[in-house]
Each structure stands twice: as structure tokens, then as C-alpha cells.
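Spelled out, the chains give:
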Amino acid sequence: LCYKASPLLSHLVVTGNFAQVVGGGMYFEEANATVRHVIVSGNISTEHSGGGLGIYYCSPLIENARIENNRAVFVDGGGIQMYHANPTLRNVLVANNSAGGKGGGLFFDDADAMMVNMTVAGNTAAKGGGLNVSYSSAPTLQNCIVWSNGNNEIEFDTTWFGMSLYVNHSIV
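Source: prediction; values computed, not measured.

A. Seen up close, the pairing of strand 11 (residues 88-95). Pairing geometry for strand 8 (residues 61-68) and strand 11, over seven bridges, is parallel. Its bridge partner being in strand 11, Ala65 is matched across the sheet by Val92. Alignment of strand 11 against strand 14 (residues 114-116), held across three bridges, turns out to be parallel. The residue of strand 14 that forms the bridge with Arg90 is Val116. Note: strand 11 against strand 15 (residues 119-121), three bridges, orientation parallel. When the sheet's bridge partners are listed, Val94 is paired in strand 15 with Val120.

If you want it as C-alpha cells, here you go:
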């Protein structure tokens, strides 16, 4: 948990953790952290979202990271769940994560993430295996690969409104 702080987290392996609520591996709330050279793998969130990472109300920088083999058991964002957040993700692999609900790799809820040189592959979910874009979100994929995710690469949550996805020089 990182709450209302802006630490530099570097050269870490975050594995085998469990959260009943949000952020099985790491949870950031109102915390504009810098996260570099980190592996987040094998973490679980059960009753809420973000098996690997939960990012709430903040704009962290995450670069040179691997987010893999995490699970949001009953809900959304197996790899990363973003809620009212605007993170920058650069050189990040999001692979082989799963969600019982939406967004096996990434779930956006009023989130405008900037994703550069990212690969999203092998993730699964009930809806939007790669990405699920929900309420008022407008993420950007720049030079990214979204490939081989189960049950739709990208899905828009039609129960909400105001969603868009910007895709530049990417393979989807």
C-alpha cells in the first residue's frame, strides 16, 4: 500500500501476495510513485480489483516492468486496475493475467493512461481479455502490441458512457 506518498520503487520482485479488497501485488492511492525495473507476479485480489496493481486517484510512472500471472478472482483488472487515475506505463509487459469479470490485462474506470512500448498478451477475462475500457476513460496506446488475449482483445463497457481509446503505431 502506498497512500499519499511519492516514493521511488526500483529493482523489486513482488510475488505471492493476497489482497481481499484491491491491489494484490501493489496498491497506489493518491500516490504519484515512480516504479522502475519491477516484476509483479503471482498475486491475487479476491473481492475487488487489481490482481497485480491497483491504481486509484493518482498518476504514477511505471516503466521497465513485468506484470504477469496475477488474478482478480471475482472482479476486474487481473493485471492492472485503474480507477480515476492517469498513469504512464512505459516498456511494460502485461501477460498471462486473469480476471473473473472485466479486463484480464488492464481495466480502466475513468482512467486516461498513457501506454508506450507496451505488450499486452495472453490475458483472459469474462469480458475484454486484453483491455476493458469503462466509464469516461480515454487511454492511449503508443507503439504497443495487444495480442492473443482471450475473449476479445479490447472491449468497451457499454453500460457506461464517454469512453474512447487512442491507438498510434500499434498492433492490435
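B. A look at the sheet that holds strand 13 (residues 106-109). Strands sit in the order 1-4-7-10-13-17-20 across an open sheet of seven strands; the sheet is parallel. Edge positions in the sheet fall to strand 1 (2-3) and strand 20 (154-156), since each of these pairs with one other strand and no more. Bridge count between strand 1 and strand 4 (residues 26-29): two bridges; the pairing is parallel. Bridge pairing links Cys2 to Phe28 in strand 4.

C. Representation of the packing of aromatic side chains within the structure. Applying the stated criterion across every chain yields a total of six aromatic pairs. Judged by centre distance (6.4 Å) and plane angle (65°), the rings of Tyr56 and Tyr57 are edge-to-face. Among the residues examined, Tyr56 registers a relative accessible area of 9% and is labelled buried. Overall, Tyr57 belongs to the partly exposed group, its relative accessible area being 41%. Taking 5.3 Å as the distance between ring centres and 85° as the angle between the ring planes, the aromatic pair formed by Tyr135 and Phe161 counts as edge-to-face. Of this pair, Tyr135 sits in the loop between strand 17 (131-133) and strand 18 (140-142) while Phe161 sits in the loop between strand 20 and strand 21 (166-168), and the two are 26 residues apart along the sequence. A residue is classified by how much of its surface remains accessible, and Tyr135, at 26% relative accessible area, is partly exposed. On the basis of relative accessibility, which here comes to 55%, the residue Phe161 falls in the exposed class.

D. The environment of Leu106, seen in detail. Within the element layout of this structure, Leu106 appears in strand 13. When its relative accessible area of 0% is taken as the criterion, Leu106 is described as buried. For the pair formed by Leu106 and Gly129, sequence separation is 23 residues and the distance between their alpha carbons is 8.4 Å. Beyond its immediate chain neighbours, meaning those up to four positions away, Leu106 contacts Ile80, Met82, Val94, Met115, Met118, Val120, Gly130, Leu131 and Asn132.

E. Structural context of a nonpolar patch on the surface. Taken together, the side chains of Ile145, Trp147 and Ile171 define a hydrophobic patch exposed on the protein surface, amounting to about 310 Å² of accessible area. Exposure remark for Ile171: the relative accessible area of 48% places this residue in the partly exposed category.

F. Inspection of unusual backbone geometry at higher detail. Even without being a glycine, Lys4 presents a positive backbone phi close to 55°. Examined against the element boundaries, Lys4 turns out to sit in the loop between strand 1 and strand 2 (8-15). You can call Lys4 exposed: its relative accessible area is 53%. We note that Asn91 has phi near 55°; this positive angle belongs to a residue other than glycine. Considering the arrangement of structural elements, one finds Asn91 in strand 11.

G. Seen up close, the nonpolar core. Phe28, Ile80, Met82, Leu106, Phe108, Met115 and Met118 are the most contacted members of the largest nonpolar core, which has 34 residues in total. Contributing elements (two or more residues each) for this core: strand 4, strand 5 (34-41), strand 7 (53-56), strand 8, strand 10 (80-83), strand 11, strand 13 and strand 17. If we ignore the near neighbours within four places in the chain, the residues touching Phe28 are Cys2, Leu9, Ala33, Val35, Leu53, Gly54, Ile55, Tyr56 and Cys58.

Reading guide: rules and limits
- Residues numbered from 1 in each chain as written.
- Predicted model: local features only at pLDDT ≥ 70, side-chain atom pairs only at ≥ 80, totals over all residues.
- Heavy atoms only, no water.
- Pairing = 2+ DSSP bridges.
- Helix = DSSP H or I, 4+ residues; strand = E, 2+ residues; numbered from the N terminus.
- Phe/Tyr/Trp six-rings, centres within 6.5 Å; stacked < 30°, edge-to-face > 60°.
- Buried < 20%, exposed > 50% of the residue type's maximum accessible area, 1.4 Å probe, protein only.
- Contact = heavy atoms within 4.5 Å.
- Patch = residues over 30% accessible without salt bridge, like charges linked within 9 Å, V, L, I, M, F, W, Y side chains within 5 Å.
- Areas by Shrake-Rupley, 256 points an atom, 1.4 Å probe, with all protein chains shown as cover.
- Salt bridge = Lys/Arg side-chain N within 4 Å of Asp/Glu carboxyl O.
- Core = buried A, V, L, I, M, F, W, Y, C linked by side-chain atoms within 4.5 Å.

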